[in-house]
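# Secondary and tertiary structure notes
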Amino acid sequence: MGGLRLQFFAALGLGLVGAAVLSTLVAWHVFDRELERAFEARLRLLVVEATRVLDAGIAAGLELDRPQLLERAMGLVRVNLTAGEVIAIVDADGRVVASSNPAEIGEDAPARWLVAGDGAGAVAALPPTTDEQLVITRPVQSLFGAPAGLVVARLPAAVLEPPRRALIAKISLTTALVTALGLLAAAAAAIFLPWRAQRAARALGATMATLYEGIGKDAADTPAPAELPPAPGDATSRFAAAVAARDRTLAQGAAAIDALDEAA
Amino acid sequence: MVFRTRLALLLVSLTLALATAFGVLWLALGEVEQGLLEALEGKAAAQARIVRDDVELALELGIPLAEIPGTYEYLEGSAEADPDVRFIAIADEEMHRLHYGGIGRRRLDPLLDTEPVRAVAMAVASHPDQPLRAVQVEGFSITPAPLFVNGEHRGFVIVAVQGKQIQEALIERSLGLVPAALAFLLLLIELILWVSASAVEEPWRRLRRLMARFERGQRLLWSERHDRSEIGHATRLFNGILYRLRDRAERLTLRATEAERAVFDPVVARSIRERIDELGQLPLAALTGRPERRPDLRPSDLQLGHRPFRGGRRPRPRAALLAGRYRGLAAAADRLRRRPRFGAAGAAGGLAPGGGRAHARHRAASRAGHPGPARHAADRLRRCRAPPVGSICAPTTRAGGWLAG
């Protein structure tokens, strides 16, 4: 494969590789968003469930920091947490009273949780930070609507890494395979398709070769090849006629000078 | 020819690119679906545990499983609250449906009755501490959670998510990226147009112009650089034709000159001279004149001081142009400066085309304190010896070759 076919293959291959890379990026983008959404939906479910237990306890007259109530709420959600995920219950003073991570019990909650928890009672998702990809909060209210605390679920960024890495490995391989197949198809198309420009250029080259060989041999006019379209064919015909005319004129001049020389 | 080639190239390229894109997307989204299904199965298990907790509470209160009030509303509400959940069902120990929410009974019952679901359900019901497991049946990922009251198995909570729903969500999200795909398509079309112009259109147009130039009898113009394509080969042969014709014309001229010198008869010598003179006239003059060689510049070539091709004048590279132009200009300016009666204005008058009037004008300008064009020229030359960025002497790029339209 050479000449025009090689250039066509390069163009086809470039487009193909670009399409494959773009598709991979699209798939990756979609996966990333959906993965995050799936984790977020599960954390929301757990937060709602923990809040429901706490609300039921408060409605039954229990205080939020009652150990039985906290244990009931945490016991329900703890079994549903995957490694790295944390659910905590914060009281009205901003202190962590229960958590799936025992180390943070008794600590003061970050201010940004409390600010988000001042909402109208709906589940809120905080913007991600470098350490935490997802933070879901839901306030707990007392019987009279006063803020009684907060349930917070957190998803560290590291939790999402293993599925991301697994997918990258899989779709990289897939993309490489499909691209290789596509490049083979592009090569086949470049080699086997009857490209009109190439046929015309070859015919033009053959005409030029005939003209070149015919110079000085009093050859007949070379017609334009049939493979050439009308406009290039006309240009080639006119050029061939001009070459033949110059050649004939030179031959006539040479003959005349020979004759004069001999006559002298 | 060019149009058809361009169209064919465009169609083949679009077909291949789209086939590759869809192939990659199809396979990659399959992988994505698998990856997401695991996450959704985790959510289904969480949902199953939550419902199980509530149902077990009711059972502990002594309410029979089949008679728990408000179950339909509870399950339907839970299924509706989470779009990923296809159904939530409560079944007895034999996996017979008692309550459900989500998809209809007609689809639900056959699913619960399948062997894999029953097998997994019985496996997780063997002990209260068995971890929950999901099983895939007919596109659904079904998670049965056993119900235990005081260690006694009482039934199942079954939650299902569906891979098809994930696919739909993925496709819906992918459609949001259509503008990016359109932008890529535009880039691809631009690439194809550029390739067809660069590989076919431009070389072919140059060759046609060279042929037309020869046909009109203008001075021979050879193409110096060609690619290795078929058109480049034809262009090399074109050069060969010009070379052969020129060679023939030169030999004929030499032969005629020798014959003219050799003959003693003045009439014959005059006849030969006339023949020689004929060679110097059009269209043969083009063959005997000095040929030109020009490279087929590509759009990516860096061209120093390129001048557009006009009227057969050979564009000279910027450096050579400046050197030639300003060497003469500066020398003339220096010469004229040495003349005491002219000075800078005199130099300007001497250099300006048009003579006296220009001389007077520049002398007036000199009197008014204006440095005049000679000083400008000298300054310009000085600047060019150490060209700043973006100056008139800085290298410039221009798309297209010397014959580019």
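In this text the structure is predicted, and so the values were computed from the model without any measurement. (Residues numbered from 1 in each chain as written. Chains lettered and ligands numbered in written order. Predicted model: local features only at pLDDT ≥ 70, side-chain atom pairs only at ≥ 80, totals over all residues.)

### Section: the overall build of chain B
Across its full length, chain B holds 13 helices and nine strands. Across the 405 residues that make up chain B, the buried fraction comes to 34%. Looking at chain B alone, contacts between residues at least 24 apart form 58% of all its contacts between residues at least 6 apart. (Helix = DSSP H or I, 4+ residues; strand = E, 2+ residues; numbered from the N terminus. Buried ≥ 20, exposed ≤ 12 C-beta atoms within 10 Å, placed from the backbone. Contact = placed C-beta atoms within 7 Å.)

### Quick look at the sheet that holds strand S1 (residues 86-91) of chain A
Residue and element names in this part refer to chain A. An order of S2-S1-S5-S4-S3 is seen for the five strands of this open sheet, with the pairing classed as antiparallel. Where the open sheet ends on each side, the last strands, each with one partner, are strand S2 (96-99) and strand S3 (124-126). Pairwise comparison of adjacent strand axes, ignoring direction, gives a mean angle of 25° for this sheet. Sheet topology note: the S3/strand S4 (residues 132-141) ladder contains three bridges and is antiparallel. The partner of Ala-125 across the bridge, within S4, is Ile-136. Against the sheet, helix H4 (residues 157-192) engages S4 and strand S5 (147-156), with an angle of about 35° to S5. (Pairing = 2+ DSSP bridges. Axes fitted to C-alpha atoms, helices over the stretch in contact; angles between N-to-C directions.)

### Things to note about the sheet that holds strand S4 (residues 140-149) of chain B
Residue and element names in this part refer to chain B. Ordered by their spatial adjacency, five strands build an open sheet running S2-S1-S5-S4-S3, and the pairing between neighbours is antiparallel. Strands with a single pairing partner mark the edges of an open sheet, and in this sheet they are strand S2 (97-102) and strand S3 (135-137). Neighbour-to-neighbour, the strand axes of the sheet open up by a mean angle of 25°, direction not taken into account. Relative to strand S5 (residues 152-162), strand S1 (residues 85-91) runs antiparallel, the two sharing six bridges. Looking across to S5, one finds that Phe-87 is bridged to Ala-160. Along the sheet, helix H4 (residues 115-124) makes contact with S3, S4 and S5, crossing S4 at roughly 35°.

### Quick notes on unusual backbone geometry
Only a minority of non-glycine residues have a phi that is not negative, and only a minority of peptide bonds are not trans. All names here are of chain B. Its identity as a non-glycine residue notwithstanding, Met-95 has a phi of 65°, on the positive side. Tracing the sequence through the fold places Met-95 in the loop between S1 and S2. A positive phi angle is found at Asn-150, which is not glycine, with a value near 55°. Assignment of secondary structure puts Asn-150 in the loop between S4 and S5.

### Remarks on the interface of chain B and chain A
Taken together, the contact between chain B and chain A spans 81 residues of the former and 83 residues of the latter. Mapped onto the side of chain B that touches chain A, the elements with two or more residues apiece are helix H1 (2-60), helix H5 (163-175), helix H6 (178-215), helix H7 (230-262) and helix H8 (266-279) of chain B. The dominant element in the side of chain B that touches chain A, judged by the number of residues it contributes, is H1(B), at 31 residues.

### Details of the pairing of S4(B)
Residues and elements named next belong to chain B. Counting buried positions over the 10 residues of S4 gives eight, a clear majority of the element. In the sheet, S3 pairs with S4 via three bridges, with the strands oriented antiparallel. Looking at S4, one finds that Val-135 is bridged to Ile-142. Two successive antiparallel strands, S3 and S4, enclose a turn made up of two residues, where Glu-138 displays a positive phi of approximately 50°. Summarising the sheet, S4 and S5 pair through 10 bridges and their orientation is antiparallel. Following the sheet pairing, Pro-144 is matched in S5 by Ile-158. The hairpin turn running from S4 into S5, its antiparallel successor, is two residues long, and Asn-150 in that turn takes a positive phi close to 55°.

### Some details on the confidence of the model for chain B
Residues and elements named next belong to chain B. Averaged over every residue, the pLDDT of chain B is 75; the share at 70 or more is 71%. Within chain B, the element-level pLDDT minimum falls on strand S9 (residues 396-397), averaging 36, and the maximum on S4, averaging 91. Across residues 300-315, confidence stays below pLDDT 50; counting only partners more than four residues off in sequence or on other chains, it has 27 contacts. When the criterion is pLDDT under 50, residues 340-362 qualifies, and its contacts beyond four places in sequence or with other chains add up to 45 contacts. The ipTM value of the predicted complex is 0.74, and its pTM value is 0.65. (pLDDT = per-residue confidence, 0-100.)

### A few points about the confidence of the model for chain A
In this model, chain A carries an average pLDDT of 85, and 95% of its residues clear a pLDDT of 70 or more. Taking the mean pLDDT of every element in chain A, the minimum, 73, falls on helix H3 (residues 111-117) of chain A and the maximum, 92, on S2(A).

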